[in-house]
Amino acid sequence: MERITPTSEQEEAIVKMVWETSGAVLNASTMGAGKTVKAVEVVRRRNDRVVLLIAPLGTRLGWKTTFERQGVELPFRWMNSTKEGKQNQADWLKAVPGIYFVGTEFFVRLGWDRRMRTKFWTQQPDIVLFDEAHRSQNRHSKTYKTLKQLKAPFKVSMSG
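Structure report, in brief. This structure is a prediction, so every number in the text was calculated from the model and none was measured. (Residues numbered from 1 in each chain as written. Predicted model: local features only at pLDDT ≥ 70, side-chain atom pairs only at ≥ 80, totals over all residues. Heavy atoms only, no water.)

**Regarding the layout of surface pockets**
Here is step 1: Put simply, the second largest pocket is a space of about 270 Å³.
Here is step 2: If you go around the second largest pocket, you meet 14 residues; those closest to its centre are M31, K35, T36, D131 and E132.
Here is step 3: If you list the elements that add at least two residues to the lining of the second largest pocket, you get α2 (35–46) and α3 (60–69).
Here is step 4: For the lining of the second largest pocket, a count of residues per class yields four nonpolar, seven polar and three charged. (1 Å grid on protein atoms, 1.4 Å probe; cavity = no way out; pocket = protein on both sides within 12 Å on 5 of 7 lines; lining within 4 Å. Points joined across faces, edges and corners; volume = space filled by probe spheres on them. Helix = DSSP H or I, 4+ residues; strand = E, 2+ residues; numbered from the N terminus. Nonpolar A, V, L, I, M, F, W, Y, C, P; charged D, E, K, R; others polar.)

Next comes the structure, spelled out in structure tokens:
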């Protein structure tokens, strides 16, 4: 597949995100504006090696395809409760380079043991991508509290 060439508007947004000095960006563009391509391009241009991608399960294949299409050669690892998913979790804890995809609900589950926070998300990735970030808007929710555990040098939140 041929790499997607960003439009001039997308390119401008990508450059702004890559050079952002605060360590975090919010991409609130409308549906169909290329939030996925923009985020993947940010990862590619920053040359991030350990990427945490928190997103709805139904978007996994779209993300995987876009990373491949844009030439990001990191392995795409799905953290879930399968044998392979548990191996991916072990690799995450060792900071093995890769794109670590985790569904939003499983992300929260890994961050808590009943009412106590776990240390699972204390591993520091190069970048965190959070798709459908509006799911964390309630500051009393476990999603929000789990996100607060992440200490990454760069975070990208996306919400339409």
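So, next bit.
**A look at the packing of aromatic side chains**
Here is step 1: For the structure shown, the criterion picks out seven aromatic pairs.
Here is step 2: Every member of this aromatic cluster is reached through a ring pair, and the members are W92, Y100, F107, F120 and W121.
Here is step 3: Residue placement shows R46 over the ring face of F154; its charged tip is 4.4 Å from the ring centre.
Here is step 4: When the ring centre of W78 is taken as origin, the NZ or CZ atom of R60, which lies over that ring, is 3.8 Å away. (Phe/Tyr/Trp six-rings, centres within 6.5 Å; stacked < 30°, edge-to-face > 60°. Lys NZ or Arg CZ within 6 Å of the ring centre and 35° of its normal.)

**Quick look at the nonpolar core**
Here is step 1: By size, the foremost hydrophobic cluster in this structure holds 23 residues, and its most contacted members are L53, W63, F67, I99, I127 and L129.
Here is step 2: For this core, the element with the highest residue contribution is α2, accounting for four residues.
Here is step 3: Once you skip the residues sitting within four places of it in the chain, L129 turns out to touch A39, V43, V51, L52, L53, I54, W63, F67, V156 and M158.
Here is step 4: Counting 19 residues, the second largest nonpolar core, distinct from the first, contains V50, M79, Y100 and F120. (Core = buried A, V, L, I, M, F, W, Y, C linked by side-chain atoms within 4.5 Å. Buried < 20%, exposed > 50% of the residue type's maximum accessible area, 1.4 Å probe, protein only. Contact = heavy atoms within 4.5 Å.)

**A short note on helix α4 (residues 83–93)**
Here is step 1: Taken together, the buried positions of α4 are occupied by G85, N88, Q89, D91 and W92. Seen end-on, α4 carries its buried residues on one side only, within an arc spanning 160°. Every exposed residue of α4 that faces more than 90 degrees away from the buried side is listed here: K83 and K86.
Here is step 2: Where α4 is buried, its residues meet β2 (50–55), β3 (76–79), β4 (98–103) and α5 (104–110).
Here is step 3: One or two positions beyond α4, positive phi appears at A95, with a value near 60°. (Arc of directions from axis to C-beta.)

**Notes on the pairing of strand β7 (residues 127–131)**
Here is step 1: Within β7, five of the five residues are buried, which leaves it mostly tucked inside the rest of the structure.
Here is step 2: Burial along β7 is two-sided: the face carrying I127, L129 and D131 and the face carrying V128 and F130 are both buried.
Here is step 3: Sheet topology places β2 next to β7; four bridges connect them, and they run parallel. Its bridge partner being in β7, L53 is matched across the sheet by L129.
Here is step 4: Across four bridges, β7 lies against strand β8 (residues 155–158) in parallel orientation. (Pairing = 2+ DSSP bridges.)

**Thoughts on the pairing of β2**
Looking along a regular strand, one sees side chains alternate from face to face of the sheet.
Here is step 1: Among the six residues of β2, six are classified as buried, and the element is accordingly described as predominantly covered.
Here is step 2: The alternating pattern of β2 places V50, L52 and I54 on one face and V51, L53 and A55 on the opposite face, and all of these are buried.
Here is step 3: In this structure, β2 lies alongside β4, joined through six bridges in parallel fashion. Residue pairing across strands places V50 opposite G98, the latter belonging to β4.

**As for a positive patch on the surface**
Here is step 1: There is a patch of like positive charges on the surface, built from R117, R139, K148 and K151.
Here is step 2: The topology assignment puts R139 in the loop between β7 and α6 (142–149).
Here is step 3: Its relative accessible area of 61% is what places R139 among the exposed residues. (Patch = residues over 30% accessible without salt bridge, like charges linked within 9 Å, V, L, I, M, F, W, Y side chains within 5 Å. Areas by Shrake-Rupley, 256 points an atom, 1.4 Å probe, with all protein chains shown as cover. Salt bridge = Lys/Arg side-chain N within 4 Å of Asp/Glu carboxyl O. Lys, Arg positive; Asp, Glu negative; His and termini not counted. Charge placed at Lys NZ, Arg CZ, Asp CG, Glu CD.)

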